[in-house]
Protein chains: 2
Amino acid sequence: MSEGEFTVDASGKQRPTMADVAEKAGVSRALVSIVFRNQPGASEETRQRVLRVADEIGYRPDSAARLLARGRSRTLGVMFTVQQTFHTNLIEGIYPEAERLGYEVLLSGATSGRSEEKAVEALLSHRCEAVILLGSFAEPDFLDELGRRTVAVSVSRRVPHAHVDFVHSAEAKGVRQAMDHLVELGHRTIVHIDGGRGPGSAERRRAYRAAMRRHGLEAEERVIPGEHTEQSGIETGRLLLTEREEGRPLPTAVLAGNDRSAMGLLMSLTRAGVEVPRDMSVVGYDDSHLSHLMPIGLTTVRQDAGLMAEHAVRYAVERLEDPQREPREAVVEPKLVVRGTSGPPPKR
Amino acid sequence: MSEGEFTVDASGKQRPTMADVAEKAGVSRALVSIVFRNQPGASEETRQRVLRVADEIGYRPDSAARLLARGRSRTLGVMFTVQQTFHTNLIEGIYPEAERLGYEVLLSGATSGRSEEKAVEALLSHRCEAVILLGSFAEPDFLDELGRRTVAVSVSRRVPHAHVDFVHSAEAKGVRQAMDHLVELGHRTIVHIDGGRGPGSAERRRAYRAAMRRHGLEAEERVIPGEHTEQSGIETGRLLLTEREEGRPLPTAVLAGNDRSAMGLLMSLTRAGVEVPRDMSVVGYDDSHLSHLMPIGLTTVRQDAGLMAEHAVRYAVERLEDPQREPREAVVEPKLVVRGTSGPPPKR
DNA sequence: GCGCTCTACTAGCGCGCTCTAGTGCGAGTA
DNA sequence: TACTCGCACTAGAGCGCGCTAGTAGAGCGC
């Protein structure tokens, strides 16, 4: 490859174009285009030759030019929060489903210094046809406006009346399963650490209260305010231990707002000599990779990230391909995963 | 906004173009372009009017068309492994630095079903001018070829002789600090759980051996093969406990391959009644958010993700802007963070 | 009056691709 | 022979923008 044979880009590297391939293969530019779009209209022989030549000179279709010409980008934008492990599970599911439906995926991360709005802006200027928001914290108005401007799907966060598809898991069912499990084991004093204004935590809190009442345990109902962080679990642990010293017995079971909170709780209890599940049962929520951190495994409620991702992509694509369609809501069934941190309550 | 006023995209939504703005503002398309590129050549009055009109009709520059016309995309591609918490720390640092230098960032994740090669391919076809690979596992040949085709920076993974910039932390120094800390506390039987073929683990292993020898402890040298996962730490814990039952005393300190491994170890030890740091000290590596999971905090070696990200972006940009420039290597100083899991060895 | 410069703006080509509307040609049919 | 038909292929417009080369007009000195 001699200097100047192909277009030279900013870095001084060569970037061959379709015209280069066409010339070298002795065909027209249009034919190369046909081959690369896998469309009928080229003989098998020519097809092979074009592909071979393209590979030789390192040709790679330019998606910017492609989408400009095509009018459609066939690209889904995904806004996620860097740091959230559950989002990465979702992303893992989004890629294959998008590919299956013939769409590309563009990721844009929100960080402490880069707001959700900015991340979404970047996606839109890259001509994403639809935007998938993972666990958005944005204002309802922002979501609604975005949803009217383009096709948008919100995962985990539900905002009534916003013109957006929703995909979330049936928080209430997950909590109910966990609570039934604990009650069946014989627990009565079951405490809930909630998740503040985190996605889904209001629903979980409500479901906890409902379950306690359904089992006739309204007298034992207790919600400890928290967050979806390890720190929150640690603090709750300290609180419960302090109370024990003051004479109030430990609850026999705790339903944490999520796995991170459960892990924090476990750490502080274990260190104080409280053995789980002998002295106390702990149930998490999410089935994140933290669940495997305990040698005995964390009993938790699994949200099927793969399925949620699939729904999100499908909803986006279906709305793109039928603009008349109204936004929908998908509720994915969560599933209790019983591992080692739950067992019968201690005998008194 | 009546139907058909602007171009209509696949979803049936309107997508105004520069021409729409120009017409409505009563100026030429070129002038709108000038305004949006923030270039001299427009009066303040016109500038304001153009911006107002653009905002009104919801105009948003199309980055595909822009980069096609500009010839340069001013975009950095970042390949990362979904699930790796350290990568998300790096991404947080990449965004602001890229913005400061006037570059956009495109993320592409490698997952179990989406290889690094595929992720990089996607970046290149989006015309990224440079590619930043976070903790790549790719073959040296792949890296080298990529580096010759475009500007590439490898973070955390060092491949000698590949035509690529490297940014990594001084593993040896980090390990040495941790080892000196332990030896100063009085430890002699210090075991290392290594990280298999994970990024940096070969260097850490070597540095551990060197430190043991430097302190005259070659007789106590012991490397337990592992991985950079919680599971690996848990298994090591089991191994050590089994050995204790067989009469071999526990080592007084363990240097884990990374934080995840350290956390797994801590969990299995704590559950078996081994108190940290009274009975054994544990030191991690990375200072990931896991370090806060222990109520007492994990003693660990911090890799400065922000600084590493900054270097990676700067190297990429500087090579883009001066193609003559040869790839460089940045070594970032790690720093021991002493928290609660390290202390003097038990008295015998 | 002339040429000159400076500011504010415009005309129009081209980036690399897709896609519609063709052309040329050999085989099949009347 | 004249015609259609289908296949393999091509010409060329246009996607939304950036950018170079240009123009028109105001202001200035001489």
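A. Spatial organisation of the environment of Val151(A). Residues and elements named next belong to chain A. Looking at the secondary structure, you find Val151 in strand S4 (residues 151–155). Overall, the relative accessible area of 3% leaves Val151 in the buried class. The spatial distance from the C-alpha of Val151 to the C-alpha of Pro327 is 8.7 Å, given a sequence separation of 176 residues.

B. Summary view of helix H10 (residues 230–245) of chain A. All names here are of chain A. Its 16 residues place the ends of H10 23 Å apart at the C-alpha level, agreeing with the 22 Å of an ideal helix rising 1.5 Å per residue. Those residues of H10 that sit buried are Glu230, Ser232, Gly233, Ile234, Thr236, Gly237, Leu240, Leu241 and Glu243. Its buried side turned inward, H10 meets strand S6 (190–193), strand S7 (223–224), strand S8 (253–255) and helix H11 (259–271). Two residues or fewer after H10 comes Gly247, characterised by a positive phi angle close to 105°.

C. Expanded view of the sheet that holds S8(A). All names here are of chain A. The strand order S7-S6-S8-S9 describes an open sheet built from four strands, whose pairing is parallel. In this open sheet, the two edge strands, each paired with only one partner strand, are S7 and strand S9 (281–283). Contacting S6, S7 and S8, helix H9 (residues 201–214) runs over the sheet at an angle of about 170° to S6. Here H11 sits on the sheet and contacts S6, S8 and S9; the angle it forms with S9, its principal contact strand, is near 160°.

D. Main features of the pairing of strand S11 (residues 329–332) of chain B. Residue and element names in this part refer to chain B. Here S11 shows one buried face, formed by Ala330 and Val332, and one open face, formed by Glu329 and Val331. Here strand S5 (residues 165–169) pairs with S11 via four bridges, running parallel. Looking at S11, one finds that Ser169 is bridged to Val332.

E. Broad picture of the protein's contact with DNA strand C. If you check the shell around DNA strand C, you find 27 residues, and the closest are Met18(A), Arg37(A), Tyr59(A), Arg66(A) and Ser28(B). Of all DNA strand C atoms lying within 4 Å of any protein atom, the proportion belonging to sugar or phosphate reaches 62%. Side-chain polar atom of Arg37(A) to a phosphate oxygen of DNA strand C: 2.7 Å apart, as the coordinates give it. Broken down by secondary-structure element, the contributors of at least two residues to the surface near DNA strand C are helix H2 (29–36) and helix H4 (63–70) of chain A together with helix H2 (29–36) and helix H4 (63–70) of chain B. Per-element tally for the surface near DNA strand C: the top contributor is H4(A), with four residues. Residue composition of the surface near DNA strand C, grouped by class: 12 nonpolar, seven polar and eight charged.

F. Molecular detail of the pattern of salt bridges. Within this structure, the stated rule accounts for 53 salt bridges over all chains. Across the pair Arg278(A) and Glu275(A) runs a salt bridge whose closest N-O atoms are separated by 3.7 Å. A salt bridge links Asp279(B) to Arg278(B); the nearest nitrogen and oxygen atoms lie 2.9 Å apart. Classification of Asp279(B) as partly exposed rests on a relative accessible area of 22%. Each member of the salt-bridge network shares a partner with another, and the members are Arg314(A), Glu318(A), Arg325(A) and Arg328(A).

G. Main features of the relation of the copies chain B and chain A. When chain B is brought onto chain A, the operation consists of a screw motion whose angular component is 180° and whose axial shift is 0.1 Å, with 0.2 Å RMSD remaining. Considering both components of the superposition, the chain copies are consistent with a two-fold axis. Scanning chain B for the C-alpha nearest the rotation axis identifies Ala64(B), at a separation of 2.3 Å. Taken as a fraction of all interface residues of chain B, those also at the interface in chain A reach 100%, which identifies the copy contact as same-surface.

H. Seen up close, the state of the cysteines. Tallying each qualifying case throughout the model produces zero disulfides over all chains. Summary of cysteine pairing: Cys128(A) is not part of a disulfide, and the nearest cysteine sulfur, belonging to Cys128(B), is at 13 Å. A relative accessible area of 6% places Cys128(B) in the buried class.

I. Structural view of the protein's contact with DNA strand D. Around DNA strand D there are 28 residues in total, and Ser28(A), Met18(B), Arg37(B), Tyr59(B) and Arg66(B) lie nearest to it. A distance of 3.0 Å separates a phosphate oxygen of DNA strand D from a polar side-chain atom of Ser33(B). For DNA strand D, a phosphate oxygen lies 2.7 Å from a polar atom in the side chain of Tyr59(B). If you list the elements that add at least two residues to the surface near DNA strand D, you get H2 and H4 of chain A together with H2 and H4 of chain B. For the surface near DNA strand D, the leading source of residues is H4(B), giving five residues. In the surface near DNA strand D, the residues fall into 13 nonpolar, seven polar and eight charged.

J. Main features of helix H9 (residues 201–214) of chain B. All names here are of chain B. Look at H9: 20 Å from first C-alpha to last across 14 residues, which is about the 20 Å you get at 1.5 Å a residue. Restricting attention to buried positions, one finds in H9 the residues Ser201, Arg204, Ala207, Tyr208, Ala211 and Met212. What you see down the axis of H9 is that its buried residues fit within an arc of 135°, all on one side. As for H9, its buried residues are in contact with helix H8 (171–185), strand S6 (190–193), strand S7 (222–224) and strand S8 (253–255). Two residues or fewer after H9 comes Gly216, characterised by a positive phi angle close to 70°.

K. Here's a closer look at the confidence of the model for chain A. A residue-level look at chain A finds 95% of positions with pLDDT of 70 or above and a mean pLDDT of 90. For residues 1–12 of chain A, every residue scores under 50 in pLDDT, and the model assigns this stretch 26 contacts once sequence neighbours within four places are set aside.

L. Molecular detail of the interface of chain B and chain A. Chain B puts 64 residues into the contact, and the matching count from chain A is 64 residues. The junction of chain B with chain A conceals about 5,900 Å² of combined surface from both sides, 57% of it contributed by carbon and sulfur atoms. Counting the surface chain B buries against chain A, the share from its top three residues, Arg60(B), Arg271(B) and Leu293(B), is 12%. Here chain B and chain A share six salt bridges between them. With a closest N to O distance of 2.7 Å, Asp62(B) and Arg127(A) form a salt bridge. The interface formed by chain B and chain A includes 18 residue pairs in polar contact (both at pLDDT 80 or more). When residues of the side of chain B that touches chain A are traced back to their parent elements, those giving at least two are H4, helix H5 (85–100), strand S2 (104–110), helix H6 (116–125), helix H7 (140–149), helix H10 (230–245) and helix H11 (259–271) of chain B. Broken down by element, the side of chain B that touches chain A gets its largest block of residues, seven residues, from H11(B). Counted by class, the side of chain B that touches chain A contains 25 nonpolar, 20 polar and 19 charged residues.

M. Fine view of the packing of aromatic side chains. Inspection of the entire model under this criterion finds two aromatic pairs over all chains. When the centroid spacing of 5.0 Å and the interplanar angle of 80° are considered together, the rings of Phe36(A) and Tyr59(A) count as edge-to-face. With Phe36(A) in helix H2 and Tyr59(A) in the loop between helix H3 (44–57) and H4, the pair connects residues that are 23 residues apart, well separated along the chain. Over the face of the ring belonging to Tyr103(B) we find Arg74(B), whose NZ or CZ atom lies 4.4 Å from the ring centre. The ring of Tyr95(A) is capped by Arg114(B), whose NZ or CZ atom sits 3.7 Å from the centre of that ring.

Calculation criteria
Residues numbered from 1 in each chain as written. Chains lettered and ligands numbered in written order. Predicted model: local features only at pLDDT ≥ 70, side-chain atom pairs only at ≥ 80, totals over all residues. Heavy atoms only, no water. Helix = DSSP H or I, 4+ residues; strand = E, 2+ residues; numbered from the N terminus. Buried < 20%, exposed > 50% of the residue type's maximum accessible area, 1.4 Å probe, protein only. Expected span 1.5 Å × (residues − 1). Contact = heavy atoms within 4.5 Å. Pairing = 2+ DSSP bridges. Axes fitted to C-alpha atoms, helices over the stretch in contact; angles between N-to-C directions. Near = heavy atom within 4 Å. Polar contact = N/O pair within 3.5 Å; in protein donor to acceptor, adjacent residues only side chain to side chain. Nonpolar A, V, L, I, M, F, W, Y, C, P; charged D, E, K, R; others polar. Salt bridge = Lys/Arg side-chain N within 4 Å of Asp/Glu carboxyl O. Least-squares fit on C-alpha atoms with pLDDT ≥ 70 in both. Disulfide = S-S within 2.5 Å. Arc of directions from axis to C-beta. pLDDT = per-residue confidence, 0-100. Buried area = accessible area lost by both parts, 1.4 Å probe. Phe/Tyr/Trp six-rings, centres within 6.5 Å; stacked < 30°, edge-to-face > 60°. Lys NZ or Arg CZ within 6 Å of the ring centre and 35° of its normal.

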